[in-house]
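Listed here are the chains, written in short residue letters.
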Amino acid sequence: MNMAPDTHSKTARRPARRIAVEEGFTLPEIWTAARRVLGGHLGEEPGEAFVFGLTAPAPRSGRAGPPPWLAVLTDLDDRRLADMDASGIDLQLLLLASPGVQIFDAGEARELAMLANDRLASAIARHPTRFAGLAAIPPQDPVFAAAELERAVRTLGLRGAVINSHTGGEYLDGERFEPILDTAERLDVPIYIHPRAPSPAMVAPYLDQGLVGAIWGYAVEVGLHALRLIFSGTLDRHPRLRLVIGHMGEGIPFFLDRIDTHHGYGGGWGHRSRPLQRRPSEYFREHFCITTSGMNWAPALRLAIDTLGIERVLFAADYPFEDTKAAVERISAFALSDSERAAIEADNASRVFRLPAVACPDIPGSRAESQDTATDGRA
Ligand code: MN
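Residues numbered from 1 in each chain as written. Predicted model: local features only at pLDDT ≥ 70, side-chain atom pairs only at ≥ 80, totals over all residues. Heavy atoms only, no water.

**Points about the overall build of the chain**
Next up, step 1: When its secondary structure is counted, the chain shows 15 helices and 9 strands.
Next up, step 2: Within the chain, contacts between residues separated by at least 24 positions form 78% of all contacts whose residues are at least 6 apart in sequence.
Next up, step 3: With the model as given, the accessible surface of the chain reaches about 15700 Å², and the carbon-plus-sulfur share is 56%. (Helix = DSSP H or I, 4+ residues; strand = E, 2+ residues; numbered from the N terminus. Contact = heavy atoms within 4.5 Å. Areas by Shrake-Rupley, 256 points an atom, 1.4 Å probe, with all protein chains shown as cover.)

**A short note on the coordination of the manganese ion**
Next up, step 1: Around the manganese ion, the protein contributes the donor atoms Glu-22 (OE), His-194 (NE2) and Asp-318 (OD), at 2.0 to 2.2 Å from the metal centre.
Next up, step 2: All donors to the manganese ion come from one chain, and their sequence spacing reads E-x171-H-x123-D. Of this pair, Glu-22 sits in strand β1 (residues 19–25) while Asp-318 sits in the loop between β9 (313–314) and α14 (324–332), and the two are 296 residues apart along the sequence. For the pair shown, Glu-22 and Asp-318 are each scored as buried. (Donors = N, O, S within 2.8 Å, 3.2 Å for Na, K, Ca; no water. Buried < 20%, exposed > 50% of the residue type's maximum accessible area, 1.4 Å probe, protein only.)

**Brief notes about the side chain of Thr-324**
Next up, step 1: Looking at the secondary structure, you find Thr-324 in helix α14.
Next up, step 2: For Thr-324, the residues in contact, after removing those within four places along its chain, are Ser-87, Ile-89, Ala-317 and Tyr-319.

**Some remarks on α14**
Next up, step 1: Here α14 has its buried residues at Thr-324, Ala-327, Val-328, Ile-331 and Ser-332. Down the axis of α14, the buried set is contained in an arc of 125°. They therefore lie on one face.
Next up, step 2: Of the surrounding secondary structure, the elements contacted by the buried residues of α14 are α4 (78–87), α13 (298–308) and α15 (338–352).
Next up, step 3: Of the residues that open α14, the one with a side-chain oxygen 3.0 Å from the backbone nitrogen of Lys-325 is Asp-323. (Arc of directions from axis to C-beta. Polar contact = N/O pair within 3.5 Å; in protein donor to acceptor, adjacent residues only side chain to side chain.)

See the structure below:
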């Protein structure tokens, strides 16, 4: 095995097209509403309140005021496009930034999800060769969420849904979320499980040392979510469900062999587990794709490719929270053949999210088909 893949590029470092698939945006209305709701319910969402800086100690930098990325987070035009041009991103797959609409009561969540999806569709219509997007949906109301996913895909041309992990401490393996999974499966669109702060029942030991967010808590939260979907038997009930997780698989590729081994010893068996038809790693490899978002480390990328296969690893920058230029520089320095690079930086994204070819702007009602449609129904 080549232990220094960063130092020997086999070939060209710029693919024909570079797509980044976990790129954040929000609406000013949603940012304001989130701060209002979290500020009024600090005890119900202690992790999210910490992430929003409502209970966290002042940053060590002493910086005051809104975070520097907030201005670009709400921009869906010139400023974002200039950043994309400067860093070499041809197309962003946009998703409503965490925690999306999942901290609101159901009524407000429904309204804000529709608003976010309509605004996102407008931005894509303005810049059809530069943006695609995933739908925000409110799991608080699973029947509505399923209908909104269908509207977003069929009417607005969005490419799937984003779920910011737990909703009020509940995960998608819960029976009440079945309408969402049924609809995603029927539409054959992926669900991107994006991080948020760990659920209230497990967040306490993360708070006092500030380990809630991207430094550790996000990976624990989404890794748990993915494993719950496997061990609950949810993926046996939904054999065509397609899932995407970021951050190089949230640690799971590193653990796959251990998970299989201990499943063989009786691990993963609780009162809500179901007997599995296959090894846990098989569900992970067949149902999940992973993205690099914010994990630009060559050994982790090497392990992800080795364990999952090149076709299940997608480039993402996690704009504007992470440094997109650094992400591009580091993947460009990673040793990949031309076809491997094209797969990770564009072709896998086009296949998984059914993105239109670059010359065919996606106009609702006359959607261009993807360059390479999946035939097995999986990612
Ligand atoms: Mn992200």
